[in-house]
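Topology and contacts: notes
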Amino acid sequence: MRTGVLSPFLVPLIETRELMSSQLVNSVQSAHRPHLQAFSPFGPGPTPGTISAFHILLRTSGLILNKAPMLDIAQTVKQQADIVKVIEGYIRLRKAGAQNYTGLCPFHKEKSPSFSVHAVRQFYHCFGCGVSGDVFSFVGKIENVSFPEAVRIVAGKCGIPLPKREFSSPEEAAGARLRGKLLDLHETATAWFQEQLQGPEGAVAREYLAGRGLTPEGIKTFRIGYAPDSFNALRDRLSGMADQETLRASGLFASKEQGDGTQGPIYDRFRKRVVFPICNESGRVIAFTARTLETGEKAGAKYINSPETPLYSKGQVLFNLDKARSAIRQLEFALLVEGQMDCISVFLRGIQNVIATSGTAFTEQQVALLRRHTSQVVVNFDPDAAGSNAAEKSIALLTEEGFTIKIVTLDGGLDPDRYIRERGVEAYTAALRGSRRQSDYLIERARLTFPGASSEQKVKAMNYLLPHIRRLPEKLARDQFAADAAQKLGIDSAVLREELRQAALKRRDHVETRTTALTEVERVLLRALAIDDPEFEQTRRLAIEALAQQPAWFEHLGAFAALQALADRQSRDPMEVVEDEAQRALLAEALLAETKPPEESEVQSAIQEIHERAIESRQRDLRALIAEAERRGDFAELAVLTQQKLEMDRTLRQLHNRKPPER
Ligand SMILES: [Zn+2]
């Protein structure tokens, strides 16, 4: 795309429609927000001025792309896209200066923000892990897609229509085509399941859903449907849309292995079940989970899910994240429940920052997905034993990844769905407000699991807690946890206390590497060479000429390569011309710290300082050479060197005299 070579691999655009649907959800949600803020157990704190994706659309929807040739598209998109808005669609950013924003880096683990976005120069940079780049590089990295795909996604987010999709290889084109087709099949299947729910056969399913307290609007919001008791009804509906292989790949159908090892004909996977769509973060249906309506032997598994497909990987999806994410951002925490029904039930009663793991422990990908939106989680899992084990695994992973966790246990042994239906939303929000710190919850569990005051039980309880303590990334939190455990378990043995203390000491702390410090001179020169405002062109010229005339003066500077690249950039974007990542990081550091271009006089004195340092360096060399010549008794050489040294001394004096008098 960048080179303007038209690729032969073209398929129609899909993202725009995808974007619209999720934005509509966001706009609906925003109406509920004020009342939601009441129940945060983490205290007050929605960020003022957070801009939702919906607002981005409103602001940018007026942008219409004229028939630009393909080669200009990336550039056009870049000019129209606002990197701050695009990045805010993925992570939370706060204004940190006149021109920049900061947030937690989505590309490395961290607790305090070292990720910055420059609003004017439209680049991002992380002082922690050193990544930097433009809006396409960000989207490419975070969505794990190629450059053309990133351009397309950014264009979609900004409402810039693109004519055709381009791919770098036939495989990529085929993969995207397949995923596009599978999305279409899922969309059609969803609509069809919804229709079936309204039909005569759907009566039993409607009854079931009504029994679970779901209103028609709720059913519509989650696009819940019904798969009729048939092996071929869905197959017949979809067979005109795609070939057999694509239908097989969709996961909507099953088949039996035959005697010769090949797969037999396909048949509907979901039969006589209530069907819940599973959406990706953009709100498009990528899989289903289906609950049986049979009882007894015929029932089979209570829930069956879509298998892994090119669209869907169970460990990489958080149920309801598409609908919950803006509320999660607003409230600054996510409510994590186990089952989809719990999630739906809680969401429909106005608690919209709720997501579900679908009954299994968290995966690292899910944690990474969540981290983009918040680092605080309230966990409300089923109180039964299995639930608690999954809960513990999830909690362990979230803890290791630096999340702050609170835990709700609902009395009466109820799951969130039943609790909220039986006791009402007020009671549930009260329970959320009363959620306990993770350490309190674990200590309580240790006491219940190993009851009694014998020292043997205390050792067991402590051994249960030690790994949890070690897992906490922060020393202070480990100390606190260990002290609480000692106190609440009544541990008075010095040996046990020492062990707790050791656990608190041990955990490795993340050491965050920072980019090497720039000298003030380097900062001034980098900023001067990055000037884009024609009004300050003279200042930029000054720096360019100094570098062109005396490159040797600048060679010893850490940012030399960046300076050289900038001097040659003409009108190109500064962040684009510096190709080396470490050098680009230095430039980013300089640009993120600036509020205005440097003054001409600043640049002049920076150049002078460089000149002086070059002379001083030459003087040092000469002194060494002179000493060497003296040792050898080479008086001819000595005379030449001494002469040079005197000239250097004189030049340096002149330079000093030119400086304005210091006071
Ligand atoms: Zn980073």
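Along each chain, residue indices are assigned from 1 in the same order as the chain's sequence is written. Predicted model: local features are reported for residues with pLDDT of at least 70 only, side-chain atom pairs are reported and counted for 80 or more only, and whole-chain, interface and lining totals are derived from all residues.

**With respect to the overall build of the chain**
The helix and strand tally for the chain stands at 29 helices and 16 strands. Exposure in this text rests on C-beta crowding, where 20 or more other C-beta atoms within 10 Å of a residue's own make it buried, 12 or fewer make it exposed, and counts in between make it partly exposed. The C-beta atoms are placed from the backbone. When each of the 663 residues of the chain is scored for burial, the buried share is 39%. A sequence separation of at least 24 residues applies to 65% of the contacts in the chain between residues at least 6 apart. Counting from the N terminus, the helices are the DSSP runs of H or I reaching at least four residues and the strands are the DSSP runs of E reaching at least two. Think of it this way: build a C-beta for each residue from its backbone, and any pair within 7 Å is a contact.

**Some words on the sheet that holds strand β12 (residues 334–337)**
Strand order in the open sheet formed by 5 strands is β13-β12-β14-β15-β16, and the pairing between neighbours is mixed. Both edges of this open sheet fall to β13 (354–356) and β16 (436–437), since each of them pairs with a single strand only. Strands pair, by our definition, only if DSSP identifies at least two bridges between them. Relative to β16, strand β15 (residues 404–407) runs antiparallel, the two sharing 2 bridges. Following the sheet pairing, Ile-407 is matched in β16 by Arg-436.

**Side note on helix α27 (residues 581–593)**
In this model, α27 (13 residues) spans 18 Å end to end at C-alpha, consistent with the 18 Å of a helix rising 1.5 Å per residue. Where burial is concerned, most of α27 is hidden: 10 out of the 13 residues are buried. Given the number of residues in a helix, its expected span is that number minus one, multiplied by 1.5 Å.

**Details of the pairing of β15**
Across 4 bridges, strand β14 (residues 376–380) lies against β15 in parallel orientation. The residue of β15 that forms the bridge with Gln-376 is Thr-404.

**Observations concerning the sheet that holds strand β4 (residues 123–126)**
Strands belonging to one sheet form pairs held by backbone hydrogen bonds; the direction of such a pair is parallel or antiparallel. Spatially, 5 strands are ordered β1-β2-β3-β4-β5 in an open sheet, and the strand pairing comes out antiparallel. The strands lining the two open edges of the sheet, one partner per strand, are β1 (94–95) and β5 (132–133). Summarising the sheet, strand β3 (residues 115–118) and β4 pair through 4 bridges and their orientation is antiparallel. Each residue of the ladder has a partner; that of His-118, found in β4, is Phe-123. To get an axis, a line is fitted to the C-alpha atoms, and for a helix only the part in contact is used. The angle between two axes follows their N-to-C directions and goes from 0 to 180 degrees. In the packing of α27 onto the sheet, the strands contacted are β2 (100–103), β3, β4 and β5, and the crossing angle to β4 comes to about 110 degrees.

**Quick word on the packing of helix α14 (residues 340–348) against helix α17 (residues 416–433)**
As a packed pair, α14 and α17 sit with axes 7 Å apart at the nearest point and diverge in direction by 35 degrees. Contacts between α14 and α17 involve Met-341, Asp-342, Ser-345 and Val-346 from the first element and Pro-416, Asp-417, Ile-420 and Arg-421 from the second. Ten residue types, Ala, Val, Leu, Ile, Met, Phe, Trp, Tyr, Cys and Pro, are classed as nonpolar, four, Asp, Glu, Lys and Arg, as charged, and the remainder, Gly among them, as polar. Split into classes, the residues belonging to the contact of α14 with α17 amount to 4 nonpolar, 1 polar and 3 charged.

**Structural notes on the nonpolar core**
In this usage, the nonpolar core is the set of buried Ala, Val, Leu, Ile, Met, Phe, Trp, Tyr and Cys residues whose C-beta atoms join them within 7 Å. If you look at the biggest cluster of nonpolar residues, it comprises 88 residues, and the most contacted ones within it are Val-275 and Ile-355. In contact with Val-275, not counting residues within four places along its chain, are Phe-193, Ile-224, Gly-225, Tyr-226, Ala-227, Phe-270, Phe-288 and Ala-290. Of all hydrophobic cores here, the second largest spans 64 residues; its members include Val-131, Leu-566, Val-578 and Leu-591.

**Some remarks on unusual backbone geometry**
For Lys-272, which is not glycine, the phi dihedral falls at a positive 45 degrees. With respect to the element layout, Lys-272 can be found in the loop between β8 (267–268) and β9 (273–279).

**Some points on the environment of Leu-335**
Looking at the element boundaries, Leu-335 is found in strand β12. Distance in space between the C-alpha atoms of Leu-335 and Asn-380 is 7.2 Å, their sequence separation being 45 residues. If sequence neighbours within four positions are ignored, Leu-335 has contacts with Val-346, Ile-351, Asn-353, Val-354, Val-378, Asn-380 and Leu-432.

**Remarks on the environment of Ala-233**
For Ala-233, the location among the structural elements is in helix α11 (residues 233–238). Distance in space between the C-alpha atoms of Ala-233 and Tyr-267 is 8.8 Å, their sequence separation being 34 residues. Sequence-distant contacts of Ala-233, defined by excluding residues within four places in its chain, comprise Pro-228 and Asp-268.

**Let's talk about α14**
By the criterion of burial, α14 is predominantly enclosed, with 9 of the 9 residues buried. With its phi angle positive at about 100 degrees, Gly-350 sits one or two positions after the end of α14.

**Brief notes about the pairing of β2**
Looking down a regular strand, the side chains alternate between one sheet face and the other. Here β2 shows two buried faces, one formed by Asn-100 and Thr-102 and the other by Tyr-101 and Gly-103. Relative to β2, β1 is paired through 2 bridges, and the arrangement is antiparallel. Across the sheet, residue Lys-95 finds its bridge partner in β2, namely Tyr-101. Hairpin connection of β1 to β2: 4 residues between the antiparallel strands.

**Some thoughts on the confidence of the model for the chain**
In this model, the chain carries a mean pLDDT of 81, and residues with pLDDT of at least 70 account for 84%. Confidence drops under a pLDDT of 50 for residues 1–37, and excluding neighbours within four residues, the segment shows 70 contacts in the predicted structure. In the predicted structure, residues 508–515 sits below a pLDDT of 50 and forms 13 contacts with residues beyond four places in sequence or in another chain. The predictor reports its confidence for every residue as pLDDT, a score running from 0 up to 100.

**Some details on the packing of helix α23 (residues 537–549) against helix α25 (residues 560–567)**
Running from amino to carboxyl end, α23 crosses α25 at an angle of 115 degrees, the nearest separation of the two axes being 10 Å. In terms of orientation, α23 lies roughly perpendicular with respect to α25. With respect to the hand of their crossing, α23 and α25 are arranged in left-handed fashion. On α25, the residues touching Ile-544, Leu-547 and Ala-548 of α23 are Leu-563, Gln-564 and Ala-567. Working definition: roughly parallel below 35 degrees, roughly antiparallel above 145 degrees, roughly perpendicular at 65 to 115 degrees, and oblique for all remaining angles. In this scheme the handedness of a crossing depends on how the near helix is turned from the far one: anticlockwise by less than a right angle means left-handed, clockwise means right-handed.

**Looking at the environment of Val-354**
Among the secondary structure elements, Val-354 is positioned in strand β13. Along the chain, Val-354 and Arg-325 lie 29 residues apart, while their C-alpha atoms are 8.7 Å from each other. Beyond its immediate sequence surroundings of up to four residues, Val-354 is in contact with Asn-320, Ala-324, Leu-335, Val-337, Cys-343, Val-346 and Phe-347.

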